[in-house]
Amino acid sequence: MNDAAPTLVHHHIADEVLVLTPQVEQMRDSEICYSIRDGMTDYVKQIDHRRVVIDMQNVNFVSSIGILAFLNLRRAVPNADERIIFCNLSDSLTGMFRICKLISENPNDPTPFASVDTLESALSAA
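Attention here is on the structure that accompanies the text. (Residues numbered from 1 in each chain as written. Predicted model: local features only at pLDDT ≥ 70, side-chain atom pairs only at ≥ 80, totals over all residues. Heavy atoms only, no water.)

1. Structural notes on the layout of surface pockets
Size it by volume and the largest pocket reaches roughly 260 Å³. For the largest pocket, the lining is made up of 14 residues, of which Arg83, Pro107, Thr111, Phe113 and Ala114 are closest to its centre. (1 Å grid on protein atoms, 1.4 Å probe; cavity = no way out; pocket = protein on both sides within 12 Å on 5 of 7 lines; lining within 4 Å. Points joined across faces, edges and corners; volume = space filled by probe spheres on them.)

As structure tokens, then:
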């Protein structure tokens, strides 16, 4: 596993849901984004889980390289139908993720990720 993963991405299992929490304020630097990507991907591949939640409580900025890190995670999840849900997105991240078509307000609009407000909501929706 990536040595930076334990410090840049924390994880835990709640009701068979893998919860990944990036531990940075900004996903701007390519090295940080790649480390977060690698850490999340390693956890998805190595830990038995049913669904994935990404808790963005610490993150207030994501660059284009950060967006690629999340898209790479989407491809790494073994089951293409498996939901990946963001929670605790700031208003600015919610707007940016909608513009980039990562998430949508319309449940009938196919996007690579879902989004809910809280971790509790994400665990219920997973």
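Moving on from the model shown.
2. Some remarks on the side chain of threonine 41
By the secondary structure assignment, threonine 41 is in helix 2 (residues 30–46). There is a polar contact of 2.8 Å between the side chain of threonine 41 and the backbone oxygen of arginine 37. What threonine 41 contacts, discounting residues up to four positions off in sequence, is Asn72, Leu73 and Ala76. (Helix = DSSP H or I, 4+ residues; strand = E, 2+ residues; numbered from the N terminus. Polar contact = N/O pair within 3.5 Å; in protein donor to acceptor, adjacent residues only side chain to side chain. Contact = heavy atoms within 4.5 Å.)

3. Structural notes on the environment of glutamate 16
One can find glutamate 16 in the loop between strand 1 (9–14) and strand 2 (17–22). Here glutamate 16 falls in the exposed class, since its relative accessible area comes to 53%. Sequence separation between glutamate 16 and leucine 123 is 107 residues, and the spatial gap between their C-alpha atoms is 9.3 Å. Setting aside residues up to four positions removed in sequence, glutamate 16 forms contacts with His49, Arg50 and Arg51. (Buried < 20%, exposed > 50% of the residue type's maximum accessible area, 1.4 Å probe, protein only.)

4. Let's talk about unusual backbone geometry
Its identity is not glycine, yet glutamate 16 carries a phi of approximately 65 degrees, on the positive side. A positive phi angle, near 65 degrees, is found at lysine 101, a position not held by glycine. Within the secondary structure, lysine 101 sits in the loop between helix 4 (91–99) and strand 7 (114–116).

5. Concerning the nonpolar core
Within the largest apolar cluster, 29 residues are counted, with the highest numbers of intra-cluster contacts made by Leu20, Met27, Met56, Val62, Phe70, Phe86 and Phe97. Put simply, the parts of the chain that give this core at least two residues each are strand 2, helix 2, strand 4 (51–55), helix 3 (64–76), strand 6 (84–87) and helix 4. It is helix 2 that contributes the most residues to this core, 5 residues altogether. Setting aside anything within four residues of it in sequence, one finds leucine 20 in contact with Val9, His10, His11, Met40, Tyr43, Val44, Val52, Val53, Ile54, Asp55 and Leu73. In this structure, Val17, Cys87, Leu119 and Ala126 belong to the second largest nonpolar core, which totals 8 residues. (Core = buried A, V, L, I, M, F, W, Y, C linked by side-chain atoms within 4.5 Å.)

6. Side note on the packing of helix 2 against helix 3
Relative orientation of the contacting elements helix 2 and helix 3 amounts to 15 degrees, with a least axis distance of 9 Å. Put simply, helix 2 runs roughly parallel to helix 3. The chirality of how helix 2 crosses helix 3 is right-handed. Here Ser30, Cys33, Tyr34, Arg37, Met40, Thr41, Val44 and Lys45 of helix 2 come into contact with helix 3, specifically with Ile65, Gly66, Ala69, Phe70, Asn72, Leu73 and Ala76. (Axes fitted to C-alpha atoms, helices over the stretch in contact; angles between N-to-C directions. Parallel < 35°, antiparallel > 145°, perpendicular 65-115°, else oblique. Left-handed = near helix turned anticlockwise from the far one by under 90°.)

7. Quick notes on the side chain of glutamate 82
Among the secondary structure elements, glutamate 82 is positioned in the loop between helix 3 and strand 6. Lacking a salt bridge, the buried glutamate 82 has arginine 51 as its closest oppositely charged neighbour, with an N-O distance of 5.3 Å. Residues in contact with glutamate 82, not counting those within four places in the same chain, are His49, Arg50, Arg51, Val52, Arg74 and Val77. (Lys, Arg positive; Asp, Glu negative; His and termini not counted. Salt bridge = Lys/Arg side-chain N within 4 Å of Asp/Glu carboxyl O.)

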